Amino acid sequence: MAPTPTCLLTLVVALTFLLLEGPAAAAPMTAERQREVQSLLKQLNKPPLATIESPDGDIIDCVHISKQPAFDHPLLKDHTIQMQPSSYPGGLYHDSHPITQTWHQNGKCPENTVPIRRTKEEDILRASSIRMYGKKSPGSIPNLNSINGPSSTPSVTSGRHQYGVASAPVGKGYGTKATFNLWRPTIARAGDFSLTQLWISAGSGNDLNTIETGWQVYLNLYADNNPRLFIFWTNDGYQTGCYNLCSGFVQTNNQIAIAGTLSPVSTYGGTQYDFDILVFKDQKGGNWWLQVGSSLVGYWPSSLFSQLADSASTIQWGGEIFSGDAGQTSTQMGSGHFPHEGFGKASHIKNIQVVDSSNTLNPASGLQLIAGQPHCYNVTNGNSGDFGTYIYYGGSGKNPNCQ
Ligand SMILES: *[C@@H]1O[C@H](CO)[C@@H](O)[C@H](O)[C@H]1NC(C)=O
(Lines give C-alpha, C1' and ligand atoms only; values in the text may rest on other atoms or scores of the structure.)
Protein backbone atom coordinates (compact mmCIF):
# COMPACT_ATOMS: atom_id res chain seq x y z
CA MET A 1 0.00 0.00 0.00
CA ALA A 2 1.33 3.46 -0.92
CA PRO A 3 1.69 5.68 2.13
CA THR A 4 -1.30 8.02 2.32
CA PRO A 5 -0.98 11.38 4.10
CA THR A 6 -2.91 10.00 7.08
CA CYS A 7 -0.61 7.02 7.23
CA LEU A 8 2.49 9.24 7.17
CA LEU A 9 1.00 11.52 9.77
CA THR A 10 0.38 8.52 12.03
CA LEU A 11 3.98 7.48 11.55
CA VAL A 12 5.30 10.93 12.42
CA VAL A 13 3.06 11.09 15.48
CA ALA A 14 4.21 7.63 16.52
CA LEU A 15 7.88 8.52 16.14
CA THR A 16 7.47 11.78 18.04
CA PHE A 17 5.70 9.86 20.75
CA LEU A 18 8.58 7.40 20.98
CA LEU A 19 11.14 10.18 21.15
CA LEU A 20 9.23 12.02 23.85
CA GLU A 21 8.48 8.95 25.91
CA GLY A 22 11.69 7.00 25.48
CA PRO A 23 13.66 7.18 28.76
CA ALA A 24 16.78 6.33 26.77
CA ALA A 25 16.80 9.88 25.42
CA ALA A 26 17.74 11.16 28.87
CA ALA A 27 20.49 8.68 29.75
CA PRO A 28 23.89 9.56 28.25
CA MET A 29 25.72 6.69 26.55
CA THR A 30 28.95 6.68 28.55
CA ALA A 31 31.63 4.08 27.92
CA GLU A 32 30.67 2.48 31.24
CA ARG A 33 27.01 2.21 30.23
CA GLN A 34 28.01 0.84 26.83
CA ARG A 35 30.05 -1.90 28.55
CA GLU A 36 27.14 -2.80 30.85
CA VAL A 37 24.72 -3.03 27.93
CA GLN A 38 27.10 -5.28 25.96
CA SER A 39 27.67 -7.54 28.94
CA LEU A 40 23.92 -7.93 29.56
CA LEU A 41 23.37 -8.71 25.86
CA LYS A 42 26.09 -11.34 26.00
CA GLN A 43 24.45 -12.89 29.05
CA LEU A 44 20.94 -12.92 27.50
CA ASN A 45 21.75 -13.90 23.91
CA LYS A 46 23.37 -17.30 23.58
CA PRO A 47 25.13 -18.36 20.37
CA PRO A 48 22.40 -19.83 18.10
CA LEU A 49 22.51 -22.97 15.93
CA ALA A 50 19.95 -21.39 13.58
CA THR A 51 18.19 -18.02 13.32
CA ILE A 52 14.71 -17.13 12.05
CA GLU A 53 13.63 -13.62 11.15
CA SER A 54 10.00 -13.04 12.07
CA PRO A 55 7.71 -10.75 10.01
CA ASP A 56 7.10 -8.70 13.19
CA GLY A 57 10.78 -7.69 13.34
CA ASP A 58 11.82 -10.23 16.00
CA ILE A 59 14.90 -12.34 15.54
CA ILE A 60 14.36 -15.84 16.91
CA ASP A 61 17.58 -17.64 17.86
CA CYS A 62 17.45 -21.45 18.05
CA VAL A 63 19.79 -22.08 20.98
CA HIS A 64 20.95 -25.54 22.04
CA ILE A 65 18.74 -26.69 24.89
CA SER A 66 21.72 -27.09 27.25
CA LYS A 67 22.94 -23.53 26.56
CA GLN A 68 19.71 -21.69 27.49
CA PRO A 69 19.88 -18.80 30.01
CA ALA A 70 18.14 -20.84 32.75
CA PHE A 71 21.42 -22.51 33.60
CA ASP A 72 23.07 -19.20 34.44
CA HIS A 73 20.95 -19.13 37.58
CA PRO A 74 23.02 -20.01 40.68
CA LEU A 75 20.26 -22.32 41.96
CA LEU A 76 20.48 -24.40 38.75
CA LYS A 77 24.23 -25.06 38.67
CA ASP A 78 23.99 -28.87 38.58
CA HIS A 79 20.47 -29.13 37.23
CA THR A 80 19.57 -32.12 35.03
CA ILE A 81 17.02 -31.22 32.35
CA GLN A 82 13.69 -33.06 32.54
CA MET A 83 12.21 -33.50 29.09
CA GLN A 84 8.78 -34.63 30.33
CA PRO A 85 6.80 -34.34 33.55
CA SER A 86 6.39 -37.62 35.45
CA SER A 87 2.67 -36.95 35.98
CA TYR A 88 -0.08 -34.97 34.32
CA PRO A 89 -3.28 -33.67 35.88
CA GLY A 90 -6.50 -35.53 35.19
CA GLY A 91 -10.04 -34.26 34.84
CA LEU A 92 -9.35 -31.89 31.92
CA TYR A 93 -12.69 -31.05 30.44
CA HIS A 94 -11.54 -28.82 27.65
CA ASP A 95 -9.32 -29.86 24.71
CA SER A 96 -6.53 -27.48 23.89
CA HIS A 97 -5.70 -26.45 20.35
CA PRO A 98 -2.18 -25.55 19.15
CA ILE A 99 -1.24 -21.86 19.31
CA THR A 100 0.22 -19.84 16.46
CA GLN A 101 3.02 -17.33 16.68
CA THR A 102 3.95 -14.85 14.00
CA TRP A 103 7.51 -16.17 13.56
CA HIS A 104 6.18 -19.63 12.56
CA GLN A 105 5.53 -18.11 9.10
CA ASN A 106 9.29 -18.05 8.45
CA GLY A 107 10.61 -21.33 9.83
CA LYS A 108 11.09 -23.77 12.67
CA CYS A 109 13.79 -24.43 15.23
CA PRO A 110 15.61 -27.79 14.94
CA GLU A 111 15.31 -30.62 17.50
CA ASN A 112 17.28 -30.11 20.73
CA THR A 113 17.14 -26.34 20.45
CA VAL A 114 14.82 -23.79 22.04
CA PRO A 115 13.54 -20.64 20.26
CA ILE A 116 14.65 -17.49 22.07
CA ARG A 117 13.64 -13.96 21.07
CA ARG A 118 16.94 -12.11 20.64
CA THR A 119 17.34 -9.09 22.92
CA LYS A 120 18.53 -6.07 20.96
CA GLU A 121 20.60 -3.20 22.30
CA GLU A 122 17.68 -0.79 21.86
CA ASP A 123 15.44 -3.08 23.95
CA ILE A 124 17.72 -2.54 26.93
CA LEU A 125 18.14 1.18 26.26
CA ARG A 126 14.37 1.66 26.43
CA ALA A 127 14.29 0.41 30.04
CA SER A 128 14.47 3.09 32.74
CA SER A 129 17.88 1.67 33.73
CA ILE A 130 19.98 -1.33 32.75
CA ARG A 131 19.27 -2.86 36.11
CA MET A 132 15.51 -2.51 35.51
CA TYR A 133 15.54 -4.22 32.09
CA GLY A 134 12.89 -6.96 32.09
CA LYS A 135 12.06 -6.40 35.77
CA LYS A 136 8.59 -5.93 37.21
CA SER A 137 7.91 -3.50 40.04
CA PRO A 138 4.49 -4.03 41.58
CA GLY A 139 5.81 -5.07 45.02
CA SER A 140 2.76 -7.29 45.59
CA ILE A 141 0.22 -9.47 43.84
CA PRO A 142 -3.35 -8.16 43.26
CA ASN A 143 -4.51 -7.26 46.71
CA LEU A 144 -7.83 -8.32 48.18
CA ASN A 145 -7.94 -5.22 50.38
CA SER A 146 -8.65 -3.16 47.33
CA ILE A 147 -12.20 -4.52 47.10
CA ASN A 148 -12.96 -2.52 50.24
CA GLY A 149 -12.38 0.75 48.45
CA PRO A 150 -9.71 2.84 46.87
CA SER A 151 -8.42 4.35 50.11
CA SER A 152 -7.36 1.07 51.76
CA THR A 153 -4.51 0.12 49.43
CA PRO A 154 -2.98 3.13 47.76
CA SER A 155 -0.32 1.02 46.04
CA VAL A 156 -2.95 -0.95 44.15
CA THR A 157 -5.29 1.87 43.30
CA SER A 158 -3.10 4.92 42.78
CA GLY A 159 -3.24 4.50 39.02
CA ARG A 160 0.18 2.89 38.65
CA HIS A 161 -1.00 -0.73 38.86
CA GLN A 162 -4.69 -1.41 38.37
CA TYR A 163 -6.41 -4.76 38.35
CA GLY A 164 -9.51 -6.53 37.13
CA VAL A 165 -8.84 -9.88 38.74
CA ALA A 166 -10.55 -12.91 40.29
CA SER A 167 -8.76 -14.50 43.21
CA ALA A 168 -9.19 -18.00 44.65
CA PRO A 169 -7.83 -18.96 48.05
CA VAL A 170 -6.95 -22.57 47.22
CA GLY A 171 -5.53 -23.92 50.49
CA LYS A 172 -3.07 -26.25 48.84
CA GLY A 173 -3.22 -25.72 45.08
CA TYR A 174 -1.10 -27.50 42.52
CA GLY A 175 -1.81 -25.50 39.40
CA THR A 176 -4.46 -24.10 37.12
CA LYS A 177 -5.81 -24.30 33.61
CA ALA A 178 -7.85 -21.60 31.88
CA THR A 179 -8.71 -20.37 28.39
CA PHE A 180 -7.55 -16.82 27.66
CA ASN A 181 -9.23 -14.55 25.11
CA LEU A 182 -6.58 -12.77 23.00
CA TRP A 183 -6.79 -9.03 22.24
CA ARG A 184 -4.52 -6.14 21.33
CA PRO A 185 -5.43 -3.39 23.83
CA THR A 186 -4.27 0.15 23.13
CA ILE A 187 -1.39 1.48 25.21
CA ALA A 188 -1.51 5.21 25.96
CA ARG A 189 2.18 5.71 26.75
CA ALA A 190 5.33 3.79 25.79
CA GLY A 191 6.04 2.95 29.44
CA ASP A 192 2.55 1.56 30.14
CA PHE A 193 1.73 -2.11 29.89
CA SER A 194 -1.52 -4.05 29.65
CA LEU A 195 -1.58 -7.73 30.43
CA THR A 196 -3.84 -10.70 30.98
CA GLN A 197 -2.42 -13.46 33.08
CA LEU A 198 -2.60 -15.99 35.88
CA TRP A 199 -0.77 -15.67 39.19
CA ILE A 200 0.14 -18.73 41.26
CA SER A 201 1.48 -17.65 44.62
CA ALA A 202 2.43 -18.60 48.16
CA GLY A 203 3.98 -16.70 51.05
CA SER A 204 3.96 -12.96 51.66
CA GLY A 205 6.25 -9.95 51.98
CA ASN A 206 9.85 -10.75 51.07
CA ASP A 207 8.93 -14.42 51.12
CA LEU A 208 6.27 -14.10 48.43
CA ASN A 209 6.81 -16.63 45.62
CA THR A 210 4.95 -16.24 42.34
CA ILE A 211 4.66 -17.95 38.98
CA GLU A 212 2.99 -15.75 36.35
CA THR A 213 2.15 -16.21 32.70
CA GLY A 214 -0.19 -14.84 30.07
CA TRP A 215 -0.11 -12.28 27.28
CA GLN A 216 1.17 -8.75 27.46
CA VAL A 217 1.36 -5.57 25.38
CA TYR A 218 4.40 -3.57 26.49
CA LEU A 219 5.98 -1.21 23.98
CA ASN A 220 9.01 -0.47 26.15
CA LEU A 221 9.88 -4.13 26.56
CA TYR A 222 9.06 -5.50 23.10
CA ALA A 223 9.30 -2.48 20.77
CA ASP A 224 5.77 -2.92 19.39
CA ASN A 225 2.11 -3.13 20.42
CA ASN A 226 1.59 -6.83 19.71
CA PRO A 227 0.31 -9.16 22.43
CA ARG A 228 3.18 -11.41 23.46
CA LEU A 229 3.35 -14.62 25.43
CA PHE A 230 5.20 -13.89 28.65
CA ILE A 231 6.31 -15.63 31.82
CA PHE A 232 7.55 -14.22 35.11
CA TRP A 233 8.60 -15.56 38.48
CA THR A 234 9.94 -14.24 41.78
CA ASN A 235 10.98 -15.98 44.99
CA ASP A 236 11.45 -12.86 47.14
CA GLY A 237 8.41 -10.61 46.77
CA TYR A 238 9.60 -9.01 43.51
CA GLN A 239 13.01 -7.87 44.81
CA THR A 240 14.42 -10.13 42.11
CA GLY A 241 12.72 -11.98 39.30
CA CYS A 242 12.25 -11.00 35.70
CA TYR A 243 10.32 -11.55 32.55
CA ASN A 244 10.68 -14.43 30.14
CA LEU A 245 13.85 -16.49 29.75
CA CYS A 246 16.15 -14.09 31.60
CA SER A 247 17.07 -16.96 33.93
CA GLY A 248 15.41 -19.75 35.88
CA PHE A 249 12.70 -21.16 33.61
CA VAL A 250 13.89 -24.27 31.74
CA GLN A 251 12.43 -24.53 28.26
CA THR A 252 12.06 -27.95 26.61
CA ASN A 253 9.93 -27.04 23.58
CA ASN A 254 11.38 -26.09 20.16
CA GLN A 255 8.23 -24.50 18.72
CA ILE A 256 7.02 -21.87 21.16
CA ALA A 257 8.97 -18.66 21.68
CA ILE A 258 8.35 -17.04 25.03
CA ALA A 259 8.15 -13.26 24.38
CA GLY A 260 7.03 -14.02 20.81
CA THR A 261 3.95 -12.40 19.25
CA LEU A 262 0.67 -14.33 19.49
CA SER A 263 -1.72 -14.11 16.56
CA PRO A 264 -4.45 -13.73 15.42
CA VAL A 265 -6.21 -11.37 17.84
CA SER A 266 -9.95 -11.01 18.50
CA THR A 267 -12.02 -8.19 17.01
CA TYR A 268 -14.80 -6.26 18.74
CA GLY A 269 -18.10 -7.92 17.89
CA GLY A 270 -16.25 -10.25 15.49
CA THR A 271 -14.19 -13.45 15.51
CA GLN A 272 -12.88 -14.41 18.93
CA TYR A 273 -9.51 -16.09 19.46
CA ASP A 274 -8.37 -17.76 22.63
CA PHE A 275 -5.77 -20.21 23.88
CA ASP A 276 -5.27 -22.40 26.92
CA ILE A 277 -2.60 -22.11 29.55
CA LEU A 278 -2.01 -24.92 32.02
CA VAL A 279 0.51 -24.64 34.84
CA PHE A 280 0.80 -27.66 37.12
CA LYS A 281 3.15 -29.03 39.69
CA ASP A 282 4.62 -32.36 38.76
CA GLN A 283 3.85 -34.07 42.04
CA LYS A 284 6.79 -36.50 41.77
CA GLY A 285 9.44 -34.28 40.16
CA GLY A 286 8.27 -31.16 42.03
CA ASN A 287 8.76 -28.82 39.07
CA TRP A 288 6.02 -26.44 37.90
CA TRP A 289 5.29 -27.21 34.23
CA LEU A 290 3.89 -24.78 31.68
CA GLN A 291 1.68 -25.91 28.81
CA VAL A 292 0.50 -23.35 26.25
CA GLY A 293 -2.16 -24.51 23.80
CA SER A 294 -1.43 -28.21 23.37
CA SER A 295 2.36 -27.90 23.85
CA LEU A 296 4.42 -28.42 26.98
CA VAL A 297 6.81 -25.46 26.94
CA GLY A 298 9.07 -26.20 29.93
CA TYR A 299 9.16 -25.75 33.69
CA TRP A 300 10.13 -23.66 36.68
CA PRO A 301 12.37 -25.96 38.74
CA SER A 302 11.16 -26.57 42.27
CA SER A 303 14.61 -25.56 43.57
CA LEU A 304 13.95 -21.91 42.59
CA PHE A 305 11.29 -21.58 45.28
CA SER A 306 10.84 -21.58 49.03
CA GLN A 307 7.05 -21.31 49.51
CA LEU A 308 6.07 -22.71 46.11
CA ALA A 309 8.39 -25.69 46.59
CA ASP A 310 5.32 -27.30 48.18
CA SER A 311 2.06 -25.82 46.89
CA ALA A 312 0.23 -22.58 46.10
CA SER A 313 -2.08 -20.82 48.56
CA THR A 314 -3.66 -18.35 46.12
CA ILE A 315 -4.36 -18.50 42.40
CA GLN A 316 -5.58 -15.48 40.42
CA TRP A 317 -6.68 -14.71 36.86
CA GLY A 318 -7.36 -11.43 35.14
CA GLY A 319 -5.98 -8.19 33.79
CA GLU A 320 -3.48 -5.66 35.04
CA ILE A 321 -2.38 -2.35 33.61
CA PHE A 322 0.62 -0.33 34.66
CA SER A 323 1.16 3.34 34.06
CA GLY A 324 4.23 5.18 35.27
CA ASP A 325 2.58 8.59 35.41
CA ALA A 326 0.30 10.06 38.04
CA GLY A 327 -3.38 10.35 37.18
CA GLN A 328 -5.49 8.06 35.05
CA THR A 329 -4.19 6.60 31.84
CA SER A 330 -6.32 5.64 28.86
CA THR A 331 -4.35 2.43 28.45
CA GLN A 332 -6.93 -0.31 27.90
CA MET A 333 -7.32 -3.55 29.83
CA GLY A 334 -8.54 -6.70 28.05
CA SER A 335 -10.45 -5.57 24.96
CA GLY A 336 -10.75 -2.02 26.31
CA HIS A 337 -14.45 -2.68 26.99
CA PHE A 338 -16.23 -3.27 30.29
CA PRO A 339 -17.42 -6.68 31.52
CA HIS A 340 -21.14 -5.88 31.21
CA GLU A 341 -20.80 -5.85 27.39
CA GLY A 342 -20.33 -9.64 27.48
CA PHE A 343 -18.97 -12.16 24.98
CA GLY A 344 -17.20 -10.91 21.87
CA LYS A 345 -16.96 -7.38 23.25
CA ALA A 346 -15.48 -7.65 26.74
CA SER A 347 -12.47 -9.94 27.18
CA HIS A 348 -13.04 -13.25 28.94
CA ILE A 349 -11.12 -15.97 30.71
CA LYS A 350 -13.14 -19.18 30.75
CA ASN A 351 -12.92 -22.80 31.88
CA ILE A 352 -11.01 -21.62 34.94
CA GLN A 353 -9.86 -24.73 36.78
CA VAL A 354 -7.59 -25.53 39.72
CA VAL A 355 -5.42 -28.63 40.25
CA ASP A 356 -6.10 -30.24 43.63
CA SER A 357 -3.88 -32.46 45.81
CA SER A 358 -5.06 -35.60 43.98
CA ASN A 359 -3.76 -34.07 40.73
CA THR A 360 -7.22 -33.41 39.35
CA LEU A 361 -8.53 -30.26 37.67
CA ASN A 362 -11.78 -28.89 39.11
CA PRO A 363 -13.71 -25.72 38.26
CA ALA A 364 -12.41 -22.85 40.39
CA SER A 365 -14.83 -21.84 43.14
CA GLY A 366 -15.15 -19.19 45.84
CA LEU A 367 -13.77 -16.46 43.57
CA GLN A 368 -13.23 -13.04 45.11
CA LEU A 369 -13.17 -10.11 42.71
CA ILE A 370 -10.54 -7.37 42.77
CA ALA A 371 -11.18 -4.10 40.98
CA GLY A 372 -9.89 -1.09 42.89
CA GLN A 373 -11.44 1.45 40.49
CA PRO A 374 -14.35 -0.30 38.76
CA HIS A 375 -15.24 2.80 36.73
CA CYS A 376 -11.81 2.49 35.09
CA TYR A 377 -11.44 -1.31 34.92
CA ASN A 378 -13.85 -3.91 36.27
CA VAL A 379 -14.36 -7.67 36.60
CA THR A 380 -17.41 -9.94 36.85
CA ASN A 381 -17.70 -13.71 37.18
CA GLY A 382 -20.12 -16.53 36.50
CA ASN A 383 -20.62 -20.22 35.66
CA SER A 384 -22.18 -21.84 32.63
CA GLY A 385 -22.16 -25.18 30.84
CA ASP A 386 -19.97 -24.04 27.96
CA PHE A 387 -17.70 -21.64 29.78
CA GLY A 388 -17.34 -23.41 33.13
CA THR A 389 -16.14 -20.90 35.69
CA TYR A 390 -15.45 -17.67 33.80
CA ILE A 391 -14.73 -13.99 34.22
CA TYR A 392 -15.16 -10.93 32.05
CA TYR A 393 -12.65 -8.22 32.86
CA GLY A 394 -11.25 -5.00 31.44
CA GLY A 395 -12.09 -1.43 30.66
CA SER A 396 -11.05 1.73 28.93
CA GLY A 397 -9.14 3.47 31.70
CA LYS A 398 -9.69 7.23 31.63
CA ASN A 399 -13.30 8.23 30.83
CA PRO A 400 -15.82 10.70 32.31
CA ASN A 401 -16.44 8.32 35.28
CA CYS A 402 -12.74 7.56 35.75
CA GLN A 403 -10.60 10.67 35.99
C1 LIG B 1 -18.31 -3.79 38.48
O2 LIG B 1 -18.70 -5.16 38.46
C3 LIG B 1 -19.53 -5.54 39.53
C4 LIG B 1 -19.80 -7.03 39.43
O5 LIG B 1 -18.63 -7.73 39.56
C6 LIG B 1 -20.85 -4.77 39.46
O7 LIG B 1 -21.66 -5.11 40.55
C8 LIG B 1 -20.54 -3.29 39.47
O9 LIG B 1 -21.73 -2.57 39.26
C10 LIG B 1 -19.54 -2.92 38.39
N11 LIG B 1 -19.14 -1.52 38.59
C12 LIG B 1 -19.18 -0.65 37.60
C13 LIG B 1 -18.77 0.74 37.98
O14 LIG B 1 -19.50 -0.92 36.48
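Below is a summary of the structure that appears in this document. Bear in mind the structure is a predicted one, so any value in this text is a computation, not a measurement.

**Some points on the site of the ligand**
Phase 1 of the analysis: Near the ligand you find Leu-369, Pro-374, His-375, Asn-378, Val-379 and Thr-380, and these make up its full shell.
Phase 2 of the analysis: Between the ligand and the protein, one listed contact pairs an oxygen atom with a backbone N or O atom of Val-379 at 2.8 Å.
Phase 3 of the analysis: Contact with the protein chains hides 48% of the accessible area of the ligand, taken as 360 Å² for the molecule alone.
Phase 4 of the analysis: Grouping the amino acids of the shell around the ligand by side-chain chemistry returns 3 nonpolar, 3 polar and no charged.

**Looking at the state of the cysteines**
Phase 1 of the analysis: Tallied over the entire structure, the rule returns 2 disulfides.
Phase 2 of the analysis: Each sulfur of the disulfide joining Cys-62 and Cys-109 lies 2.1 Å from the other. One disulfide, between Cys-62 and Cys-109, carries an S-S torsion of -80 degrees and so falls in the left-handed class. Of the two residues, Cys-62 is situated in strand β2 (residues 59-64) and Cys-109 in the loop between β2 and β3 (113-117); the sequence distance between them amounts to 47 residues.
Phase 3 of the analysis: For Cys-109, a relative accessible area of 6% corresponds to the buried category.
Phase 4 of the analysis: Here Cys-376 engages in a disulfide with Cys-402; their sulfurs sit 2.1 Å apart. Judged by the sign of its S-S torsion, about 105 degrees, the bond between Cys-376 and Cys-402 is right-handed. Here the residue Cys-376 occupies a position in the loop between β17 (368-370) and β18 (378-384), and Cys-402 occupies one in the segment after β19 (388-394), the gap between them amounting to 26 residues.
Phase 5 of the analysis: Looking at Cys-376, the relative accessible area reads 4%, which means it is buried.

**Quick word on the pattern of salt bridges**
Phase 1 of the analysis: Inspection of the entire model under this criterion finds 13 salt bridges.
Phase 2 of the analysis: The salt bridge involving Asp-192 is made with Arg-189; its shortest N-O contact spans 3.8 Å.
Phase 3 of the analysis: Using a relative accessible area of 18% as the deciding quantity, one classes Arg-189 as buried.
Phase 4 of the analysis: One connected set of salt bridges, linked through shared partners, spans Asp-56, Asp-58, Arg-117, Asp-123, Arg-126, Asp-224 and Arg-228.

**Looking at empty space enclosed by the protein**
Phase 1 of the analysis: According to the stated counting rule, one finds 2 cavities of 30 Å³ or more in the structure shown.
Phase 2 of the analysis: Looking at the largest cavity, its volume works out to about 230 Å³.
Phase 3 of the analysis: Around the largest cavity sit 16 residues that line it, and Thr-119, Tyr-133, Tyr-243, Asn-244 and Leu-245 are the ones nearest its centre.
Phase 4 of the analysis: Among the secondary structure elements, those contributing two or more residues to the lining of the largest cavity are β3, α5 (219-222) and β9 (242-243).
Phase 5 of the analysis: A breakdown of the residues in the lining of the largest cavity according to their chemical character gives 12 nonpolar, 3 polar and 1 charged.

**Quick notes on the side chain of Asn-359**
Phase 1 of the analysis: For Asn-359, the location among the structural elements is in the loop between β15 (347-355) and β16 (361-363).
Phase 2 of the analysis: Judged by relative accessible area, which is 13%, Asn-359 ranks as buried.
Phase 3 of the analysis: Residue contacts for Asn-359: discarding those within four places in its chain leaves Ser-87, Tyr-88, Pro-89, Gly-90 and Gln-283.

**Comments concerning helix α2 (residues 31-44)**
Phase 1 of the analysis: Compared with the 20 Å implied by 1.5 Å per residue over 14 residues, the 20 Å span of α2 between its first and last C-alpha is a close match.
Phase 2 of the analysis: Turning to α2, its buried residues number three or more, namely Arg-33, Val-37, Leu-40, Leu-41 and Leu-44. Burial along α2 is one-sided: seen end-on, the buried residues are contained in an arc of 100 degrees. Exposed side of α2, more than 90 degrees from the buried face: Ala-31, Arg-35 and Lys-42 are the residues found there.

**Some details on the nonpolar core**
Phase 1 of the analysis: By size, the foremost hydrophobic cluster in this structure holds 68 residues, and its most contacted members are Ile-200, Phe-275, Val-279, Trp-288, Leu-290, Trp-300 and Trp-317.
Phase 2 of the analysis: Considering every element that reaches this core, the biggest residue donor is strand β11 (residues 274-281), with 5 residues.
Phase 3 of the analysis: Setting aside residues no more than four positions away along its own chain, Ile-200 makes contact with Gly-175, Thr-176, Asn-209, Thr-210, Ile-211, Val-279, Trp-288, Leu-308, Ala-312, Thr-314 and Ile-315.
Phase 4 of the analysis: Core analysis: the second largest hydrophobic core is formed by 28 residues, Tyr-163, Val-165, Leu-208 and Tyr-218 among them.

**Topic: the packing of aromatic side chains**
Phase 1 of the analysis: If you walk through the whole model with that rule in mind, you get 15 aromatic pairs.
Phase 2 of the analysis: Between Phe-232 and Tyr-243, the ring centres sit 5.3 Å apart and the planes meet at 65 degrees, which makes this aromatic pair edge-to-face. With Phe-232 in strand β8 (residues 228-234) and Tyr-243 in strand β9, the pair connects residues that are 11 residues apart, well separated along the chain. Of the two residues examined, Phe-232 and Tyr-243, each falls in the buried class.
Phase 3 of the analysis: For the ring pair Phe-387 and Tyr-390, a centre distance of 5.8 Å and an interplane angle of 85 degrees mean the geometry is edge-to-face.
Phase 4 of the analysis: Using a relative accessible area of 14% as the deciding quantity, one classes Phe-387 as buried.

Conventions we followed
- Residues numbered from 1 in each chain as written.
- Predicted model: local features only at pLDDT ≥ 70, side-chain atom pairs only at ≥ 80, totals over all residues.
- Heavy atoms only, no water.
- Near = heavy atom within 4 Å.
- Polar contact = N/O pair within 3.5 Å; in protein donor to acceptor, adjacent residues only side chain to side chain.
- Areas by Shrake-Rupley, 256 points an atom, 1.4 Å probe, with all protein chains shown as cover.
- Nonpolar A, V, L, I, M, F, W, Y, C, P; charged D, E, K, R; others polar.
- Disulfide = S-S within 2.5 Å.
- Helix = DSSP H or I, 4+ residues; strand = E, 2+ residues; numbered from the N terminus.
- Buried < 20%, exposed > 50% of the residue type's maximum accessible area, 1.4 Å probe, protein only.
- Salt bridge = Lys/Arg side-chain N within 4 Å of Asp/Glu carboxyl O.
- 1 Å grid on protein atoms, 1.4 Å probe; cavity = no way out; pocket = protein on both sides within 12 Å on 5 of 7 lines; lining within 4 Å.
- Points joined across faces, edges and corners; volume = space filled by probe spheres on them.
- Contact = heavy atoms within 4.5 Å.
- Expected span 1.5 Å × (residues − 1).
- Arc of directions from axis to C-beta.
- Core = buried A, V, L, I, M, F, W, Y, C linked by side-chain atoms within 4.5 Å.
- Phe/Tyr/Trp six-rings, centres within 6.5 Å; stacked < 30°, edge-to-face > 60°.

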